[in-house]
Amino acid sequence: MVNKQKDKKIYDLIEEETTRQKNGIELIPSENYASAHVRTPLSSAFVNKYSEGYPHKRYYGGNEFVDQVEILAQERAKKLFGVEYANVQPYSGSPANFAVYMATCKPGDTIMGQALITGGHLTHGAHVSFSAIYFNSVQYGVMTKRKGKDGLFDFEEIRRLAKKHKPKLIWVGASAYPLEIPFKKFAQIADEVGAYLAADIAHIAGLVVAGEHPSPVPYVHIVTTTTHKTLRGPRGGIIMVTKKGLKKDPELPMKINKAIFPGLQGGPHDHKTAAIAVALYEASQRSFKTYAKRIKANAATLAKTLMDGGLTLVGDGTENHLILVDLTTTHGAGSGCFAEYALDAIGLTMNKNTVPGEQSSPFYPSGIRLGTPAATTRGMNKKDMKFIGNMMLHVLELTKKYSLPDKTERKEYIARFKKDIDKNKDIKKWKGEVKAFASPFLIP
Ligand code: DSN
């Protein structure tokens, strides 16, 4: 606890953020609430330590307990995900992915990943990221309509691109994809062209370990994840190598270790490693399986409520924790920014997002992305999802009258829109209702 007398400014900001979280409902699908057990190591004595290197091979003294913590985290990750090797030092998901590039490619090599605008991640080859600046990035997209078991993936096109460009590394895994990912299909293509296949399961890791989403482990060579999304740990990352990965390249673990340190990072954040170990323990418990099941059941109910209310969902629903609302036909291209602002104004936090076939731009996208991991952690159930869905429908009815103007008029128009929303009587009333509804649900 920050002492109010010693640093009132930070004390007050923490109080305000705590109140914001309590009175609203967190629906950003990549956010969650870590338990008190997970949060405790973050302010433990491990926060004071430096430990460059790996267990029993450090560049600093005094690491006998850090070593045990890191080995415990590695072992728990290996057991939980069913992999041969785990590096628990990445500061987060992007550095984890950077290290995978360093371990498998040379600058200039060709890599392939799902385009950001269609739900992929920045680090899978988006033109503004290191992954396209230092590598030759080929991007695959998704279709606007699902194709049976393939979801939104067009495997003919992905295979064609892979055969044409012969990437060294292919990424599978997304930040805004509402359907199950058919890892086996990606593996067939990667194997045909001799590429490394890396699954970035940051969003779905919690579902995977609970058996609520098929695991990529039998099919891919490398798995990366963040630890703070559905996995419900502290902010951090893990890189893993599967049996198949070891078979392709027995030196992969060594290459990944070297890529993380000294290639990319300095001292690992040992306090966080301890928290990751606790989170992995929690995720191995039976209660976590129940939690993951409920995340999906809640997402399905919320998706149905929104569709029954006339909204269009990418993939016609959800098969995981995430929902992507495509507002293009109902509200107009670029209307995600109005939706995000107005929903936030009543305490429903989610993010504007591009949609497959995007007709606007990443800063003024045509969709909103939401999910149920955090609300489920607070104990909300299917009935509560109906309340959230109906509140969203009210707000989105109200934002229908706003549409994104030309670039020249945007600044003034959006400023006027925000003023309208801030003084709107219905918004104020709904904000009160969301607060009354949400505040009794405890945050761990
Ligand atoms: N920022 C994360 C997300 O929201 O999905 C991806 O890294």
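Residues numbered from 1 in each chain as written. Predicted model: local features only at pLDDT ≥ 70, side-chain atom pairs only at ≥ 80, totals over all residues. Heavy atoms only, no water.

A probe matching the size of a water molecule, rolled over the atoms, marks out where space remains unfilled. With the rule as written, the count across this model stands at one cavity of 30 Å³ or more. As a volume, the largest cavity reaches approximately 70 Å³. Its residues assigned to classes, the lining of the largest cavity shows eight nonpolar, five polar and one charged. (1 Å grid on protein atoms, 1.4 Å probe; cavity = no way out; pocket = protein on both sides within 12 Å on 5 of 7 lines; lining within 4 Å. Points joined across faces, edges and corners; volume = space filled by probe spheres on them. Nonpolar A, V, L, I, M, F, W, Y, C, P; charged D, E, K, R; others polar.)

Bringing unusual backbone geometry into the picture now. Of note, the bond from F261 into P262 is cis; its omega dihedral lies within 30 degrees of zero at 10°. Mapped onto the fold, P262 is located in helix α10 (residues 252–264). With phi around 45°, K166 is a residue other than glycine that occupies positive phi space. Take K166: it is sitting in the loop between α6 (155–165) and β7 (169–172). For K166, a relative accessible area of 54% puts it in the exposed group. Phi is positive for D316, close to 55°, though the residue is something other than glycine. Mapped onto the secondary structure, D316 falls in the loop between β11 (312–313) and β12 (322–326). (Helix = DSSP H or I, 4+ residues; strand = E, 2+ residues; numbered from the N terminus. Buried < 20%, exposed > 50% of the residue type's maximum accessible area, 1.4 Å probe, protein only.)

It is worth spelling out the site of the ligand at this point. In the vicinity of the ligand, the contacting residues are S30, H121, S175, H203, K229 and R369. Interatomic distance of 2.8 Å between a side-chain N/O atom of H121 and an oxygen atom of the ligand. One of the side-chain N or O atoms of H203 is found 2.7 Å from an oxygen atom in the ligand. With the chains in place, 63% of the 230 Å² that the ligand exposes on its own is no longer accessible. Placement of the ligand is best described as lying within the second largest pocket. (Near = heavy atom within 4 Å. Polar contact = N/O pair within 3.5 Å; in protein donor to acceptor, adjacent residues only side chain to side chain. Areas by Shrake-Rupley, 256 points an atom, 1.4 Å probe, with all protein chains shown as cover. Sits in = over half its atoms within 2 Å of the grid points.)

Next up on the list: a nonpolar patch on the surface. Among the surface-exposed residues, V2, I10, L13 and I14 lie close enough to one another that they form a single nonpolar patch of about 320 Å² accessible area. Along the chain, I14 falls in helix α1 (residues 8–23). (Patch = residues over 30% accessible without salt bridge, like charges linked within 9 Å, V, L, I, M, F, W, Y side chains within 5 Å. Salt bridge = Lys/Arg side-chain N within 4 Å of Asp/Glu carboxyl O.)

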